[in-house]
Every structure is written in C-alpha cells, then in structure tokens.
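# Structural overview
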Amino acid sequence: MRRFAPLAVTLGLLASPAPSSDLASDPADWPALLAEAEGQTVYWNAWGGAAATNDFIRWAANEVGDRYGVTVEHVKLADTADAVSRVLAEKTAGKDTGGAIDLIWINGPNFAAMKEAGLLYGPWAWDLPNWRYVDTEGKPAVTADFTVPTEGFEAPWAMAQVVFYHDTARLAEPPKTMPALLDWARAHPGRFTYPQPPDFLGTTFLKQALYELAPAPSVLQKPTDEADYAAVTAPLWAFLDELTPHLWRQGRAYPQSGPQQLQLMADGEIDLAISFSPGEASTAISNGQLPDTVRTFVLEGGTIGNASFVAIPYNASARAGAMVLANFLLSPEAQAQAQDPDILGYGTVLAMDKLAPGDRARFEALDLGIATLSPAELGPALPEPHPSWATRLEADWIARYGVAP
Amino acid sequence: MRPLRAAPALTLVLMLGPVLAGLAGTLGPALGVLPALGGHALSLEPARALAAWPGLPRAIGLSVGTGLAATLIALGTVTLFAAGWSGTRAMALLERLLAPLLAVPHVAAALGLAFLIAPSGWILRALSPWATGWQRPPDLLILQDPMGLAMIAGLAAKEIPFLVLMTLAALPQAAPARRLTIARALGYGRTTGWLKAVFPAVYAQIRLPVYAVLAYSMSAVDVAIVLGPSTPPPLSVQVVRWMSDPDLSLRFQAAAGAVLQLGLVLAALGLWRLGELAAARLGRRWAEGGARRLAEPVLRAAGLGLAALAAAAVILGLAGLALWSVAGFWGFPDALPDGIGLRSWARHGPALIVPARETLLLAGLATALALALTLACLEAEHRFGLAPGSRSLWLLYLPLLVPQVAFLPGLQTLALSLGAGTGRGTVVLAHLVFVLPYVFLALSAPWRAWDPRHATVAAALGAGPGRIFRNVRLPMLLAPVLTATAVGFAVSVGQYLPTLLPGGGRIRTLTTEAVALAAGGDRRIIGVTVLVQTVLVAAPFALALAAPRLIYRHRRGMRGAG
C-alpha cells in the first residue's frame with residue numbers, strides 16, 4: 001500500500017483523459033457481449049501468493065471456460081504494482097490496443113493511481129447482469145475504494161474486514177474498545193502485539209485505532225493535507241505511548257507479519273491478535289495452526305472493511321471476455337464458493353435479500369467454521385481512510401517506535 | 001592450448017568483474033548518478049537522506065558489534081578446541097560431523113536455532129512446566145533482541161565449522177606434532193603449548209578465512225532477518241529493504257547505505273589487523289614469559305563445550321524443524337506435538353517443486369562453470385609452470401571480503417540500466433562469484449599435491465597432456481573433485497542476496513522461499529522448505545563420499561586416492 005505514493009506521483013504526471021468507450025464490448029447488450037467473448041483468452045493478473053486463492057482462480061477459470069468458451073490464464077503476480085507498471089509502460093510506448101493484461105485484481109491506491117492516469121477501461125461494472133445482487137447499501141466499500149469512487153471502473157468480488165481473534169482458554173472476555181484494550185494490556189503485560197508497520201496489517205491496526213481515537217473520524221476520508229494531521233493523530237500517539245511498554249517484549253520487538261503473529265498466538269505468547277480476514281481463525285484451526293478454543297470478535301463502533309476488485313486496463317485485448325469473467329465472479333455460485341472457509345473464506349459482496357431463495361440457500365448451507373462471525377455479528381464496515389493517512393502514519397510510527405533504543 | 005593459457009585471466013574477469021562492476025554500480029547512485037531514475041548530476045543528497053534516517057546510529061552499531069563479536073567467538077572456540085583436542089577422538093568425531101554441519105544452509109541453521117531458543121521454543125518446552133513452572137512462555141526478549149545476541153550466536157555457530165575446516169587444512173603445514181612435542185618436552189601443558197607454539201603458525205594461514213568470516217558476519221542479511229533485531233535492523237538488512245522497495249527513489253539511499261557498509265567492513269578489517277598486531281605483541285611476551293600451564297582443564301573444557309554447543313545447536317535446530325514439518329497442533333508447553341502426519345508435506349511439498357528446480361538449475365550451472373574454470377586454471381598452472389603467488393589468494397578472497405550488499409545492488413542497477421533486465425544469467429554470474437572461490441579453495445590443495453611423476457610415467461607410455469588429464473589425473477583425483485563440486489553446490493544453494501537482487505525478486509529458490517517464509521512464521525511450511533533445502537545440499541556430499549567407492553569398487557588402489 002505505502003509503496004504506491006511514488007507511482008501515484010509518476011502516474012499523475014502522465015495523466016490524461018480516460019479513453020472513450022466506443023467499442024462494441026457493451027455489457028448492456030449482454031447476449032452480444034457473450035458472443036463477442038467466445039473464443040477469447042483473458043490474461044488475469046492476480047496476486048499468486050497463496051495456494052487457496054490460486055485454487056479458487058483455477059476453479060473460476062475452468063467454469064468460465066466450460067460455460068462461455070472463454071479461456072482464462074492466471075498471471076501470478078508477486079505485487080500488483082508489477083501489473084500497473086506494465087500498463088504504464090505500454091501506454092508510454094504508445095501501445096494503446098492489444099495490451100498484455102485483460103483483467104487485474106486490484107484495490108485501493110493501485111486503483112486510484114490507474115483511474116487518475118486514465119489507464120482503465122470503463123465504466124462497465126454497473127452494467128453487468130449480476131451487479132443487481134451487489135449490496136451497494138450495506139457495503140459502501142463496493143462503490144468507493146479507499147475513498148475513491150469506483151464509478152463502475154472496477155467490479156468488486158470479495159470483502160475483507162478487520163477482526164480480532166483471541167484464545168478463550170486464556171482470555172474469556174476480550175476488550176472491545178481501544179481504551180479497554182489499553183486497560184487490559186496494563187493488567188496483562190506482554191500478552192498483546194501487532195505486526196510491525198509498515199507491514200500492511202500493522203498499519204491497519206494504526207488506522208483502526210485512529211478511527212476510534214480521532215476526535216472526528218470523518219476527516220479520515222479526506223487527504224491528510226486537508227486536515228489538521230497533528231491534532232487528529234495526537235490521541236493515537238498518546239494511546240500508543242501508553243500501550244507500548246505493555247506490549248509483547250515491551251515493544252522492543254514486533255512480529256514481522258500477520259502469519260508470524262498467528263504463530264505467536266499458537267505458541268501461547270500472545271492472547272489477542274488482529275486480522276483482516278474474518279475467516280482466518282477458522283481456517284487456521286482446521287489446519288492445526290491454532291487451538292480450537294480460538295474465537296473471533298469485532299470492536300464496538302465497527303471495524304475497517306474493504307473490497308477486492310477486478311479492473312480492465314484501457315488497452316486490454318479481451319474486454320468482452322474479461323467482463324464475462326468479472327460477471328461470473330459476482331454470481332451467487334462463485335461468491336458462495338469463495339465464502340466457503342475450506343476454499344477461500346472471503347466475505348461476499350452480495351446482499352442476501354436480493355438473492356433468489358435457491359441462491360440464498362447456498363450461503364445458508366455454508367459452515368463458516370467455529371471461529372467465524374456471521375455477517376450480522378461482524379457489524380458495519382468502516383470505510384478505509386484516504387491512502388495519504390497510511391503513508392504518514394507509517395513514517396511517524398517508524399520514527400517514534402520503529403528505531404527505538 | 002591457447003584457451004587453457006587464458007583460463008586464469010578469464011576466471012579472474014568472471015570473478016572480479018561482477019564485483020568491480022557492482023561496486024561501480026553502487027557508487028554511482030550513492031553519489032546521485034543513476035540516469036535511468038533521473039539522477040544526472042553528482043549530489044550528496046543520498047548520503048544526506050541516509051544520515052536523516054533515525055535508525056542509522058544503532059544500525060551501524062549492530063553491524064559492527066555483531067560482526068566483531070561473532071568472529072571473536074568463532075575464532076576463540078575453534079582455537080581453544082584445536083588447542084585442547086587436536087589428535088583426539090573428540091576431534092575425529094567433529095571432523096566427521098563437519099560436512100553435514102557445513103552443508104546446513106545459513107537460513108536453515110538460523111531458523112532452527114530460532115525455534116530452539118525462543119521463549120516458546122523447544123528448550124523451554126522440554127523444561128516446562130516441570131522445571132520452570134511456566135504454563136505460558138515467559139515474556140523474554142531472546143530473539144530479535146536489540147543487542148543482537150541471538151544473531152551473534154547464530155552467526156558464530158555457523159562459522160565455527162567453517163573455521164574448523166580451514167584450521168584442519170592449515171594444520172599439516174604448521175607441523176603441529178613436532179612443535180607440540182618440543183613444547184611438551186619443555187614442560188608446557190597441552191593447551192598452553194599448542195597456543196604458544198602452534199597457533200601463530202596456524203593463524204598466519206587462516207587469516208584470510210577469518211577476514212571473510214568477519215566481513216560476512218557484519219553484512220549477513222538472511223541470518224539477521226531471522227534472528228536479528230528489527231527496531232531498527234542491522235544496516236545490511238535496511239539496505240536490502242530500501243533496495244527492494246518499489247519506491248525506486250529509495251535506490252539512491254540504499255546505494256549510499258551500501259557504500260557505508262563497505263566502509264564499515266574495511267574499518268573493521270583494519271581494526272582487526274590492529275588487534276592482530278597488539279595480540280602478537282602481547283602473545284610474544286606471554287610466550288616468552290615461560291608460563292607452563294594456564295588453567296589447562298578449564299580451557300580444554302571450554303573448547304570442547306563451545307564446539308559441542310555450536311554443533312548441537314545446528315543439529316537440534318534442524319531436528320526441531322523436521323519435527324514441525326510433520327507436526328499436528330503443537331502448543332506450549334508440550335515437548336512433542338499432539339500428532340504426527342504427512343499433511344504439511346502433502347499440502348506444501350508440491351509448491352516447492354518449482355523453486356527446487358530453480359535451485360538445482362542455478363547451483364548446477366554455477367558449479368559446473370566454477371569447476372570448469374578451476375580445473376582449467378589448475379591445469380594451466382601445472383602445464384605452464386605458473387606459480388601461484390600469495391597475491392592470487394587475496395584476489396580469490398576478494399569477493400568474500402567485499403560485503404554482498406555493497407556490490408550486488410550495483411550489479412542489479414547496472415543490469416537494469418544496460419537493459420539486460422534481471423534474469424537467470426545475471427543470477428548465475430552472481431552465484432559464480434561466490435561459488436568459484438570455494439571450489440578453488442577446496443580443490444587446489446589436493447590437485448597441487450598430486451605427484452607429477454604419474455604424468456611423467458603416462459607421458460613415457462605415449463599419452464599426450466589431454467589424455468593424461470582425462471585418463472590419469474582426473475580419475476585419480478575424483479574424490480576431491482566431487483567434494484569440491486558438493487561444496488560449490490552447497491554454496492550456491494545457500495545464496496540469498498545473490499539470488500534476490502540480481503534476479504529482481506523474480507527468481508525464487510528454496511533459500512529465498514525460506515527467508516520469505518521466516519517472515520511468515522508458519523513453522524510447518526518452514527520445516528518442509530528447510531528440510532528439502534538441506535537434503536538438496538547434503539545429497540551431493542553423500543554422493544561425493546559414495547561415488548568413488550562405487551566407481552572404483554574393482555580397483556582397490558583407486559579407492560581413497562587423493
């Protein structure tokens with residue numbers, strides 16, 4: 001995430017108006033689009049770092065191939081930035097058609113940068129047939145990606161939300177607000193920590209704490225230079241100054257990532273951990289990575305949620321095929337498959353009350369796992385702050401705690 | 001014949017070329033010059049940005065402190081052990097352990113040690129709760145401690161086998177038996193006599209390896225990522241973080257940090273040299289002082305204890321990870337996991353096929369190249385009567401003395417700005433820089449010790465130089481050639497930075513996977529990965545031992561030749 005500030009600047013310099021959508025690929029005329037898509041090959045550039053996601057992508061690719069005659073190739077990325085750079089390089093070289101990428105798994109700052117620089121095709125997402133099932137009221141994150149309105153330039157396909165997990169065998173009643181967390185840490189020193197920023201999850205903890213502690217959280221939706229950054233973040237730093245000496249290893253060391261934090265939980269070194277995946281604890285229990293006494297909870301007042309999207313580059317070769325795939329990912333069948341904790345455990349972007357009873361039954365039949373909260377228990381998702389907050393919070397955290405003597 | 005004559009020069013170019021080119025490629029951006037990223041004029045901005053990083057003083061202190069401490073401990077242990085135990089059964093046992101200990105990749109050893117000594121690690125699991133009373137792991141800062149103590153222990157444990165090997169190679173030339181006999185006749189104790197009479201001659205020969213250990217310990221990245229502190233990390237780790245950051249403007253700052261790292265290593269080597277001189281003066285006075293016995297039993301016990309501790313740490317650490325790779329749920333304070341099964345292997349094993357193949361390919365290419373060059377050099381030396389000077393030994397060690405972070409980023413940047421991109425070729429070249437010295441060091445002594453009268457006899461029977469090489473010399477020296485191959489292979493498999501940076505992060509080997517997984521912390525996957533990596537390294541060693549016996553099973557005279 002933080003990695004994107006410089007690229008955004010570069011893209012900003014190259015910004016130009018988005019290309020007009022004068023091609024035949026029109027999702028409003030779906031039968032014609034299906035005919036156009038048949039026989040196309042879609043190069044889907046998606047992060048390839050986890051076996052579960054790769055398996056799901058392979059499943060979706062097979063289904064789309066069988067049903068619509070669209071071949072899907074998964075280009076496994078280590079970093080979404082690579083795909084963005086590729087499109088940018090193509091634009092710089094004047095390759096405005098026949099690009100190498102047809103669909104990108106994207107969100108947040110990557111999307112903002114590409115949209116601003118006119119590197120995306122669209123709008124198209126809101127014309128997809130399955131868009132009618134999307135929970136646009138209950139999940140604002142499906143139409144505004146890190147505060148940037150999507151305007152139909154990307155289609156959502158999965159939801160993530162901040163949760164915490166705790167071992168009930170060691171901690172029966174977890175603290176559900178940041179001040180309560182501080183009190184609990186004081187009483188139980190060394191039993192809590194969070195991944196070291198600029199790790200993504202560590203930064204998410206800072207943003208989550210800021211949401212609760214900032215005097216008026218709505219200001220987080222604006223860039224930091226439109227807010228009084230020092231005043232907004234002062235309560236956060238006061239909170240961390242209090243909390244740090246009571247952290248695991250007195251804050252002199254931190255886990256380096258979410259999975260390392262999970263291992264600390266398994267080792268019994270900490271009693272409480274943060275996650276961005278509501279199904280992570282259940283999956284870890286079924287893998288034998290966590291004891292089956294672990295449960296998930298959310299904070300009072302809500303936790304940060306965001307959505308994963310797919311977007312089509314402005315010069316994609318197989319737009320129609322890409323839209324067929326994006327539409328399939330929004331289908332109740334694919335969404336239920338993705339929510340199955342044995343497969344992926346991602347939250348759905350669909351609204352249950354918009355589904356036909358048969359489709360709703362697919363979701364009701366899912367066993368979410370003993371440590372996963374139901375959508376109702378998960379509560380409302382808070383929108384991601386503007387990307388500039390993450391950048392400044394990370395820099396300040398490193399200066400304050402990351403190089404401590 | 002001509003290409004053979006050119007072999008030494010070609011070897012030098014292939015070995016030193018990347019180092020010098022890399023240094024140039026680092027120095028440029030450090031001074032603000034990197035046209036590809038818009039740096040066109042000399043500037044001190046990168047240095048200023050580096051100085052402005054608040055973690056710099058501590059990062060420097062960590063690099064210097066951990067490097068010097070690890071080297072001192074490793075050298076001290078090896079010296080005490082050799083002094084007290086050379087020629088004994090304990091020494092023979094360690095010699096047999098040497099190959100497997102050397103074969104364990106640095107990351108594997110570090111990860112194993114991490115699980116051993118962590119507050120929730122194996123040692124405390126074995127002792128809890130019956131001995132400690134702990135139902136939960138204590139909140140002790142053992143790993144990632146700000147002083148870098150865990151990292152010092154890990155580095156020392158892994159460098160001790162290397163220095164033992166070097167000492168064993170140096171010993172015969174120091175004629176220890178004669179010196180020791182005289183010392184003992186004069187009434188000196190075993191350890192005291194060895195330290196006074198043998199050590200100076202041995203140290204003179206292992207000086208370069210010691211320097212290499214110092215340079216490596218100061219700038220190791222993989223071990224530091226696993227065991228070292230992170231608030232802030234040692235300088236080398238931070239340089240790599242900046243270097244791998246997609247924010248390309250940080251490359252300038254990274255280059256400045258790499259140059260600083262080089263300066264630190266040079267300064268530390270200078271400091272070590274001064275220490276050598278001071279120790280020599282004090283030592284001479286001590287040797288001439290005539291003290292016959294200096295706490296003999298204590299020193300002997302310390303030597304054996306430390307050496308055994310280092311070997312045990314590496315072996316037990318690996319055993320712990322092996323257990324994790326088949327473990328079901330394994331919580332603190334259980335000494336053993338709840339259940340045992342092959343689930344993790346089935347789940348994560350297949351994903352290792354691609355990186356394992358890449359590892360094999362890189363190691364195969366780099367080792368084959370290194371072996372060909374080494375054989376060509378040695379054969380050229382033999383045929384043209386080239387006498388290797390002591391200076392060529394320095395050249396051989398240069399890539400091991402220059403910190404990797406000082407020239408590998410430059411190599412990457414250079415390859416990028418030449419449009420060469422980052423591919424397997426660049427990585428093989430980078431591996432060769434480190435594989436070649438070890439292959440050469442492993443092979444040169446037995447090769448040179450070969451009795452040239454065999455060649456004379458063969459020539460008298462009508463064989464030309466080529467046939468002598470193929471049909472007489474190579475078969476007779478099969479065992480050392482295979483050992484050198486195994487050493488080269490092991491060196492290549494263990495390379496982290498020379499894979500990561502020239503490969504632009506796109507070439508994934510078992511070592512890069514293991515380091516990445518270390519950040520993930522799932523010990524089951526780590527266990528599986530590290531075991532595959534270790535097996536890959538140990539297999540050639542086993543082959544080197546077994547092959548000559550199999551191939552020459554009908555030729556008794558050829559077995560154990562060389």
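Residues numbered from 1 in each chain as written. Chains lettered and ligands numbered in written order. Predicted model: local features only at pLDDT ≥ 70, side-chain atom pairs only at ≥ 80, totals over all residues. Heavy atoms only, no water.

What chain B contains, in helices and strands, is 24 helices and 0 strands. The C-alpha radius of gyration computed for chain B amounts to 25 Å, which stays within 12% of the reference 24 Å derived for 562 residues, consistent with globular compactness. Overall size of chain B, expressed as C-alpha extent along the three principal axes, is 70 × 60 × 55 Å. Considering only residue pairs separated by 6 or more positions, chain B has 80% of its internal contacts joining residues 24 or more positions apart. (Helix = DSSP H or I, 4+ residues; strand = E, 2+ residues; numbered from the N terminus. Rg over C-alpha atoms; globule rule 2.2 N^0.38 Å. Contact = heavy atoms within 4.5 Å.)

Below, the discussion takes up the side chain of Thr-348 of chain A. All names here are of chain A. Position of Thr-348 among the secondary structure elements: in the loop between α12 (332-339) and α13 (357-364). Within the structure, Thr-348 has its side chain in polar contact with the side chain of Gln-335 (distance 2.8 Å). Separated by 3.1 Å, the side chain of Thr-348 and the backbone nitrogen of Leu-350 make a polar contact. For Thr-348, the residues in contact, after removing those within four places along its chain, are Lys-139, Met-159, Gln-335, Gln-339 and Phe-363. (Polar contact = N/O pair within 3.5 Å; in protein donor to acceptor, adjacent residues only side chain to side chain.)

Within the largest apolar cluster, 142 residues are counted, with the highest numbers of intra-cluster contacts made by Leu-111, Trp-194, Leu-227 and Leu-497 of chain B. It is helix α9 (residues 190-219) of chain B that contributes the most residues to this core, 15 residues altogether. What Trp-194 of chain B contacts, discounting residues up to four positions off in sequence, is Thr-79, Ala-82, Ala-83, Ser-86, Leu-171, Leu-180, Gly-189, Phe-199 and Val-202 of chain B. In this structure, Ile-57, Leu-103, Ile-312 and Leu-350 of chain A belong to the second largest nonpolar core, which totals 70 residues. (Core = buried A, V, L, I, M, F, W, Y, C linked by side-chain atoms within 4.5 Å. Buried < 20%, exposed > 50% of the residue type's maximum accessible area, 1.4 Å probe, protein only.)

This part covers the confidence of the model for chain B. Looking at chain B as a whole, its pLDDT mean stands at 89, while 96% of the residues score no less than 70. On the interface metric, ipTM, the complex scores 0.86, and its pTM is 0.86. (pLDDT = per-residue confidence, 0-100.)

In this section: the sheet that holds strand β9 (residues 294-297) of chain A. Residue and element names in this part refer to chain A. Here we have 3 strands laid out as an open sheet, ordered β8-β7-β9, and antiparallel in their pairing. Looking at the sheet topology across the chains shown, the edges are occupied by β8 (272-275) and β9. Taking the axes of each pair of neighbouring strands and ignoring which way they run, one obtains an average angle of 30° across the sheet. The pairing of strand β7 (residues 163-167) with β9 spans 4 bridges and is antiparallel. Looking at β9, one finds that Asp-167 is bridged to Val-294. (Pairing = 2+ DSSP bridges. Axes fitted to C-alpha atoms, helices over the stretch in contact; angles between N-to-C directions.)

Our next topic: the interface of chain B and chain A. Facing 37 residues of chain B, the contacting portion of chain A comprises 38 residues. Together, the buried faces of chain B and chain A total about 2900 Å²; carbon and sulfur atoms form 44% of this surface. It is Arg-136, Asp-139 and Thr-231 of chain B that lose the most area in chain B upon contact with chain A, and together they represent 21% of the buried surface on that side. Across the chain B-chain A interface, the total number found is 4 salt bridges. With its nearest N and O atoms 3.5 Å apart, the salt bridge here joins Asp-271 of chain A to Arg-136 of chain B. Elements with a contribution of two residues or more to the side of chain B that touches chain A: α14 (343-348), α23 (510-520) and α24 (523-551) of chain B. Looking at the side of chain B that touches chain A element by element, the count peaks at 3 residues for α23 of chain B. (Buried area = accessible area lost by both parts, 1.4 Å probe. Salt bridge = Lys/Arg side-chain N within 4 Å of Asp/Glu carboxyl O.)

We now examine the packing of aromatic side chains. Residues and elements named next belong to chain A. Taken as a whole and judged by the stated rule, the model has 29 aromatic pairs over all chains. Pairing Trp-44 with Trp-157 gives two aromatic rings, centres 6.2 Å apart and planes at 75°, and the pair type is edge-to-face. Placement of the pair is Trp-44 in strand β1 (residues 41-47) and Trp-157 in strand β6 (residues 154-161), with a sequence separation of 113 residues. Note on accessibility: Trp-44 and Trp-157 belong to one class, buried. (Phe/Tyr/Trp six-rings, centres within 6.5 Å; stacked < 30°, edge-to-face > 60°.)

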